[in-house]
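Residue-level structure breakdown
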Amino acid sequence: MAEMEELTSGASGRIIPLFKNIRQRSTVLSYDSLRRSLLFIQSIFFWFLLVLPRTKPSSSAASSPAKRRRKEEEDTLRRRALAQDFPMLYETDDGAGRCESATSLFYGVRRNALFVRSWFPVNGELKGIMVIMHGLNEHSGRYADFAKQLNSCNFGVYAMDWIGHGGSDGLHGYVPSLDHVVADTGAFLEKIKSENPGIPCFLFGHSTGGAVALKAASYPHIEQLLEGIILTSPALRVKPSHPIVGAVAPFFSLVVPKYQFKGANKKGIPVSRDPAALLAKYSDPLVYTGPMRVRTGHEILRISSHLLRNVKSVTIPFFVLHGTADKVTDPLASQDLFNEAASQFKDIKLYDGFLHDLLFEPEREEVGKDIIDWMEKRLSAGSLDSHW
């Protein structure tokens, strides 16, 4: 099978041969090779100096870190109040009943307060539980309609906001480490399983949340908690907006991690063919719409690179869904995951002409039904396996 392309959007293809050329020509660096190398590094340095903001010195500079922390805390409390007020209840089609819904705080591995929602059906025997990991910049409340569809088929739902998202702690839109999000996901799953012994559990992840779900499930102690994972439009082959961004991201994510880099955004790319869904998303104050922060972008590149390198070691049952017209994440990367993963129980569905946010497309009910059908198929297969 052909080797998959690297995730640096050509950066490795430009940088690595440059230094390889230096090694091959002579054991002693030539003047021209050294000069080209230094000019390349210098150009990167001066390019970033140009894009960094120029601010005038302030007399209160010494107190600015404390002020920034207070501002972030105030913003977190504001977002948490909005998250609490976000509508969760619904009536069934016959108007006869409602789900049992609740909100709570879960304290992650670094003791950050993470905002959690839950929806459970009032009637019927519970078939299983789905834990939802939303995508970058959105929040758990956006999945209330999907939770309703799951509840109608007797699946309970939990959904957790990542750090820096929704009603959770942290600067809005800033993710210091996706490994921390992975660890929080694992700890949350352990809590759910301990509170619901014997109930099958599935993990759902959208976009970058799909990358988080896939990496979490790569750990044996997490995989054994799950019947399977469902990935919609997973971020498995992410490319920066410019090769230089990929080259310098590791350094600048340490130096200016919270800097909002406008060049990292893919502006104007539609994520749904439903105008109402787009309006709802981008008018939602809990959805982060600012430029991507440097560390957040680097973390996405890092986790997607890790997953691509380790795709053949994936063993958990999974269902990956992707729109063929998605311009945010790569549907071919989902196909590669399906083709190369070692999982014995795996499925893929590519939706012709669909965009990135599959559960917010006009055909969202169809997508939701496909997910529910797969979970029920997986539960039936697991039940047959237990009889042998």
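Here, the structure is the one placed above.
Read across the open sheet, the eight strands follow the order β1-β2-β4-β3-β5-β6-β7-β8; overall the sheet is mixed. Looking at the sheet topology across the chains shown, the edges are occupied by β1 (100-107) and β8 (346-351). Neighbour to neighbour, the strand axes of the sheet diverge by 15° on average, direction disregarded. The pairing of strand β2 (residues 113-120) with strand β4 (residues 155-160) spans four bridges and is antiparallel. Across the sheet, residue W119 finds its bridge partner in β4, namely V157. Along the sheet, helix α3 (residues 64-85) makes contact with β1 and β2, crossing β2 at roughly 5°.

Their axes nearest at 10 Å, the elements helix α6 (residues 208-216) and helix α10 (residues 294-309) cross at an angle of 50°. By the criterion of interaxial angle, the relationship of α6 to α10 is oblique. Of the two elements, α6 crosses α10, and the hand of that crossing is left-handed. From α6, T208, A211, V212, L214 and K215 reach across to α10, where they touch I300, I303, H306 and L307. Per-class residue counts for the contact of α6 with α10 are six nonpolar, two polar and one charged.

This part is about the pairing of strand β7 (residues 318-323). In summary, the side chains of a regular strand alternate between the two faces of the sheet. Within β7, six of the six residues are buried, leaving the element largely enclosed by the surrounding structure. Where strand β6 (residues 228-232) meets β7, four bridges bridge the pair, whose relative direction is parallel. Each residue of the ladder has a partner; that of L231, found in β7, is V320. As defined by bridge partners, β7 adjoins β8 across six bridges and the pair is classed as parallel.

What counts, and where the lines are drawn
- Residues numbered from 1 in each chain as written.
- Predicted model: local features only at pLDDT ≥ 70, side-chain atom pairs only at ≥ 80, totals over all residues.
- Heavy atoms only, no water.
- Pairing = 2+ DSSP bridges.
- Helix = DSSP H or I, 4+ residues; strand = E, 2+ residues; numbered from the N terminus.
- Axes fitted to C-alpha atoms, helices over the stretch in contact; angles between N-to-C directions.
- Contact = heavy atoms within 4.5 Å.
- Parallel < 35°, antiparallel > 145°, perpendicular 65-115°, else oblique.
- Left-handed = near helix turned anticlockwise from the far one by under 90°.
- Nonpolar A, V, L, I, M, F, W, Y, C, P; charged D, E, K, R; others polar.
- Buried < 20%, exposed > 50% of the residue type's maximum accessible area, 1.4 Å probe, protein only.

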